[in-house]
Amino acid sequence: MRGASLWRDAWRRLLRNRSAVAGGVLVLVLAIVAVAAPLIAPYDPLAPSLGDRLSPPSAAHWLGTDDLGRDILSRMIYGARVSLQVGILAVALALAAGAVLGIVAGYYGGLPDNFIMRVMDVMLAFPSVLLAIGIVAVMGPSLGNAMIAIGIVSIPVFARIVRSSTLQVKSNEYVEAARALGASDARIIFRHVLPNCMAPLIVQATLGIATAILDAAGLSFLGLGAQPPAPEWGAMLSGGRAFLRIAPWVTAFPGIAIVLLVMGFNLFGDGLRDALDPRLKR
Amino acid sequence: MYRRSALAIAGIILVLLLAAGVGSAESPKYGGTLVYGRGADSVSLDPINVTDGESLIVTRQVFDGLLQYNEKNTSVEPALAVSWSASKDEKVWTFKLRQGVKFHDETPFNAEAVKFNFERWKDPKNPYHQGAFEYYSYMFVQGETDLIKSVDVVDDYTVRFVLERPLAPFLANLAMTPFAIASPAAIKKYGADVGNHPVGTGPFKFVKWDHGDKIIIERNDAYWGGKPCLDKVIFRSIPDNSARFMELESGSIDIMDGMSPDDVKIAEKNKALKVILRPSFNVGYMSLNMEKKPFNDIRVRKAIAYAINKPAIIKAFFAGLAEVAKNPMPPSLWGYNDKVKDYQYDPAQARKLLAEANYPNGFETTLWAMPVPRPYMQQPQKIAEAIQADLAGVGIKAKIVSYDWATYLDKIAYGEHDMCLIGWIGDNGDPDNFIYVLFSGSNAVPGRASNYSFYKNPKVDELLVKAQTVSDVATRTKLYEEVQQLIHDDCPWVPLVHSTPPLCAKKSVEGYIPHPTQSESFRNVWINK
């Protein structure tokens, strides 16, 4: 009962937060666009039409065409798919690995804790994009590898959050009670520790998706992520850069799309944090 | 009568005054720095060990060869050699050298220096033979045979070449930028590192090279051809076409190479800039690596040729400054075979050929594209994407692959690619420099290949060697025409484009004459302040 009311409280607080709602709606709309891409895209995002190269926004091409004459709107619609997919999968990877490492470190302490957290510290010492570039350089440029790389560099943040939550929860009386009753480590972790880490993890995951999308766009911009002809926003930005002077729409629209999606996730994530943080409870 | 002639005299005086006025405005001014912006850094500054234009445009300023080209075309003129004569059988050539010339390190230029350089290039056992020496083998080696049998010092300023057999383009070859005479003292001093320390006799001396960024050279006051106007030249690498163009507009560079044809319209509207068109003397193409499956199958190669809509690509990416290529050499060069009929864009035919070759659903492969703009292809990545889409239309799924420029050249010379975009800029105005370099079996050696398709046709080799041995132009024309037809039938490449590369400069840059071979001397360039 108590758990349910915590979530209900949080939900109510979230709905009262206007910017969080705006962020949520933004994310929702883009998610629908991504899912329905084949239904709503007016053109094939990959089919070039060299004769219509770099044509400005018009009735036929609402957002104009790029340097190969491809419809920018269609490419952006499909691009939403790519970006959301990369963001969510990268964070899922980071979350899964980070949670396991964090719990092991926090719950068992001692040598495993020291070892895991020092490795995490080393990873945090690198600027995340630089580390991601390094990983992609080793694995070879592709969208899948960029996603894995972004996932890997986001692990430490999640591991830290889970570890600190675990440390807090572990010393609570109810955990000791459970142990006294003979509960196994696995039961304690899954029944008591993990549920108590959920709130900060959800917040971090939401914000992490925004970062992951931005990083993926950055890697694609550098040619290390999505490979041509894939319609990825970062790659579209980089492809249009050469024509910034004569065809600004080629760069502008994918740029706006990145801003909107990342902003959506950030607003929503911030709202979630405010809603879920018990210290802010009035 | 008297009045009229007085009038005439007054008129003549007026004309003379005007001419004098114009003349004074046109006379070169000394001083100033030229900042030359380009798409890629040099690979090395040892001219004999490079093949790329970005290296040769710098070494052209630092070194001289025995001969050089006229500043506008490829007719041969004296440089370090002042006169020459050939024996009747055209196998023995004697050159009289220019006297009193000194290398930038103050050591004298003489016949010994010429012999030293040629022996370094020729002999793999020579202690200073460190590198691939590509151009020497492209131009002077046939199979295992070195066509220059020996280089002998007759006296201090006379040198004699003995050839294995007559070589029609011999003089034209010697005037090429790679065959530049370097200071023997510098080669001995720097060894394998001489590519970072070029010492020649040219109008400019090397100052420093910040790899990946810039190369600085300064005026050689003692230049035998007269003091150059510019104090200094800075070659800056700015890989992004639009960034380079913006730097030109904002004034931080004075002239740019590798201008995107899309930007020509913007430049023409800008009163502070002028567009300079380089005569078209190149070919941009897609090589199909015949050592690799499935490109060993002629039906697959032809299918690819039919699958690509060349006219659409060239129209889209060259803004009218190019023509569609059907042969591996430009139409402005003698020997061009206009009777060759190109493979017309025909996806149905392509699919049919693929089905015959047992690839009814196409196949997966890679398409390599240059990472930097080249004069024959300013937007290689975009063109690769267009070709990728055309190939996808017949079921061939090509992944676009790229490496940094030096690695790219190295890897394709080893034949690691499936298909690659690349091009060639004529060096010496002889068809031999296109066809022999790009198609002879002896230039299909992994590691130093220039025949990136690894095309080996004994009939073609035979005709190419024959064309080198006869000096009669009419006979040679016939031979080259025949070779072009054979190459077309075997389809080792898809010839794409002959471009007219635009350069763009500030109005104040005077005397810049773009050479068809891409390596012009800056000795007469000046800045009108």
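Analysis parameters
- Residues numbered from 1 in each chain as written.
- Chains lettered and ligands numbered in written order.
- Predicted model: local features only at pLDDT ≥ 70, side-chain atom pairs only at ≥ 80, totals over all residues.
- Heavy atoms only, no water.
- Helix = DSSP H or I, 4+ residues; strand = E, 2+ residues; numbered from the N terminus.
- Rg over C-alpha atoms; globule rule 2.2 N^0.38 Å.
- Buried < 20%, exposed > 50% of the residue type's maximum accessible area, 1.4 Å probe, protein only.
- Contact = heavy atoms within 4.5 Å.
- Buried area = accessible area lost by both parts, 1.4 Å probe.
- Salt bridge = Lys/Arg side-chain N within 4 Å of Asp/Glu carboxyl O.
- Polar contact = N/O pair within 3.5 Å; in protein donor to acceptor, adjacent residues only side chain to side chain.

## Description of the overall build of chain B
Secondary structure assignment for chain B yields 16 helices and 23 strands. What you see for chain B is a C-alpha radius of gyration of 24 Å, in line with the 24 Å of a compact globule of 529 residues. Oriented by its inertia axes, the alpha-carbon framework of chain B measures out at about 85 × 60 × 55 Å. Per-residue burial over chain B gives 59% buried out of 529 residues. Expressed as a percentage of contacts within chain B between residues at least 6 apart in sequence, the contacts between residues at least 24 apart total 70%.

## Some thoughts on the interface of chain B and chain A
Facing the 19 residues of chain B at the interface are 16 residues of chain A. Regarding the contact of chain B and chain A, the summed buried area is about 1,500 Å², with carbon and sulfur atoms giving 58% of it. Broken down residue by residue, the surface that chain B buries against chain A is led by Asp-262, Lys-382 and Glu-385 of chain B, which jointly contribute 28%. In this assembly, chain B and chain A are joined by five salt bridges. As a salt-bridge pair, Arg-70 of chain A and Glu-385 of chain B come within 3.1 Å of each other at their nearest N and O atoms. Summed over the shared surface of chain B and chain A, the result is eight residue pairs in polar contact (both at pLDDT 80 or more). For the side of chain B that touches chain A, the secondary-structure elements that each account for two or more residues are α7 (241-250), α10 (310-318), α12 (380-392) and β18 (397-401) of chain B. Sort the elements by how many residues they give to the side of chain B that touches chain A and α12 of chain B lands first, with five residues.

## A closer look at helix α14 (residues 431-439) of chain B
Residue and element names in this part refer to chain B. The buried fraction of α14 amounts to nine of the nine residues, a majority that puts the element mostly inside the structure. Restricting attention to buried positions, one finds in α14 the residues Pro-431, Asp-432, Asn-433, Phe-434, Ile-435, Tyr-436, Val-437, Leu-438 and Phe-439. Taking the backbone nitrogen of Asp-432 as reference, a side-chain oxygen 2.9 Å away marks Asp-430 as the first, capping residue of α14.

## Focus: helix α9 (residues 298-307) of chain B
All names here are of chain B. The element α9 is extensively covered by neighbouring structure, given that seven of its ten residues are classed as buried. Within α9, burial applies to Val-300, Arg-301, Ala-303, Ile-304, Ala-305, Tyr-306 and Ala-307. On the buried face of α9, the contacting elements are β15 (282-288), α11 (347-356), α12, β19 (419-425), α16 (473-490) and β20 (493-499). Among the residues of α9, the N-terminal cap falls to Asp-297, whose side-chain oxygen and the backbone nitrogen of Arg-299 are separated by 2.8 Å.

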